[in-house]
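# Inside the fold
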Amino acid sequence: MKADLTTHIKSLTLKNPITVASGTFGTTDEYSGYVDPKKLGAIITKTITVKPRAGNPMPRICETSAGMLNAIGLQNKGLEDFLEHKIPYFKKLGVPLIVSIAGETTAEFTELAKAFEAHRDVVSALEINLSCPNVEGGGVNFMKKQERILEAVKSVREGTGLLTFAKLSPELGDVSAIAGTILKQGIDGLSLINTLRGMSVDIRSRRSKLAKDFGGLSGPAIKPVALRYVYQLKKEFGVPVIASGGISNVKDALEFLIVGADLLAVGTANFVEPGATQAIIDGLAAFCRKEGLRNIGGLRGSYKSAEEKVSGCKL
Ligand SMILES: Cc1cc2nc3c(=O)[nH]c(=O)nc-3n(C[C@H](O)[C@H](O)[C@H](O)COP(=O)(O)O)c2cc1C
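Keep in mind it's a predicted model, so treat the numbers as computed, not measured. (Residues numbered from 1 in each chain as written. Predicted model: local features only at pLDDT ≥ 70, side-chain atom pairs only at ≥ 80, totals over all residues. Heavy atoms only, no water.)

Its place among the elements puts C288 in helix α8 (residues 276–291). In this structure C288 touches M1, A3, L5, L293 and I296, once residues within four positions along its chain are discounted. (Helix = DSSP H or I, 4+ residues; strand = E, 2+ residues; numbered from the N terminus. Contact = heavy atoms within 4.5 Å.)

Shown next, in the form of structure tokens:
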């Protein structure tokens, strides 16, 4: 029996629920020696800003006991370069493309949204990065004021009718309240979670292992936190959710599917094992076959909560 991994998210139909988390897959072509990007359900780009950004000084990544810290600072070549060089590449590739965007002002959010609206033939959706821990303007500190988040999502909505996900982090504060507010503005779904701020110290120099004091923690260390947020927010709002946070193997992917994630974004694992996405896709198909499931849809949201267990238990 062939397992069907087809995933439907509103108007999108993806051949499987596996994608790459923003900023962890280069610009895709670098990985083509290890992974056939055509096999991915979708591709999420590095966050694109209007102007080019050099990012933060080096060192800006370091390994931690169960993950990594990064303080890249949204390095990218800017909107113009992306439109000129990357859009043609993705058009040829033909994999559903989700472009991650971040503005420093509301006008920039609108500009980015309009620019990608004009490329609907290539761009399937936008992910609004409202939670980068490593930049000043537009980053998680800036966005801590809820009215700024609201302005950002309104500006994007004004510029495009594309399917739009808001990427949030527990660092923003009350994620559930923020999600409730922005979903009322017509945002279609959520992307959970971005990295959690952490630090790592070199005991000889007594300085940070990064050029900055803090970086964003990712990888297996944050998986339980991500899983909890995906579960809680999916249950509360029932909207499409892109999950990221420590998804490294098929078991991780299954956990996120079971708590209700629609799309699974593999991030840090790409640095450890460039073929991780491929192994997960194959593993999901093998799991479905073994369990006698014709399609992956039956697994999604099948979590049985502890509350149910308690109420069903006769004492
Ligand atoms: C090196 C690196 C760069 C990242 N760059 C971005 C980015 O540009 N935009 C964004 O929204 N998230 C960015 N992230 C966060 C990831 O997309 C992802 O949400 C997070 O790392 C959790 O997933 P993981 O534990 O599988 O890595 C970055 C993460 C890493 C490790």
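A separate point is the environment of C132. Relative to the helices and strands, C132 resides in the loop between β8 (123–129) and α3 (146–159). Spatially, the C-alpha atoms of C132 and N249 are 25 Å apart, while their sequence positions differ by 117 residues. Those residues in contact with C132 that lie beyond four places of it in its chain are L74, G139, V140 and N194.

Time to look at the pairing of strand β5 (residues 61–64). Only one face of β5 is covered, namely the one carrying C62 and T64; the face carrying I61 and E63 has none of its residues buried. As paired elements, β5 and strand β6 (residues 67–70) share four bridges and run antiparallel to each other. Within β6, the position partnered with T64 by the bridge is G67. Counting the residues that bridge the hairpin from β5 to β6 gives two residues. (Buried < 20%, exposed > 50% of the residue type's maximum accessible area, 1.4 Å probe, protein only. Pairing = 2+ DSSP bridges.)

As a packed pair, helix α4 (residues 175–183) and helix α5 (residues 223–237) sit with axes 11 Å apart at the nearest point and diverge in direction by 40 degrees. Taken together, the axes of α4 and α5 lie oblique to each other. The two elements α4 and α5 cross, and the hand of that crossing is right-handed. Side by side, α4 and α5 meet where V175, S176, A179, G180 and L183 of the first sit next to Y229, L233, E236 and F237 of the second. Class assignment for the residues of the contact of α4 with α5 results in six nonpolar, two polar and one charged. (Axes fitted to C-alpha atoms, helices over the stretch in contact; angles between N-to-C directions. Parallel < 35°, antiparallel > 145°, perpendicular 65-115°, else oblique. Left-handed = near helix turned anticlockwise from the far one by under 90°. Nonpolar A, V, L, I, M, F, W, Y, C, P; charged D, E, K, R; others polar.)

A few words on a nonpolar patch on the surface. A surface patch of nonpolar side chains, amounting to about 300 Å² of accessible area, comprises M199, V201 and F214. Locating M199 in the fold gives a position in the loop between β11 (196–198) and β12 (201–202). (Patch = residues over 30% accessible without salt bridge, like charges linked within 9 Å, V, L, I, M, F, W, Y side chains within 5 Å. Areas by Shrake-Rupley, 256 points an atom, 1.4 Å probe, with all protein chains shown as cover. Salt bridge = Lys/Arg side-chain N within 4 Å of Asp/Glu carboxyl O.)

None of this, on its own, says anything about what the molecule does.
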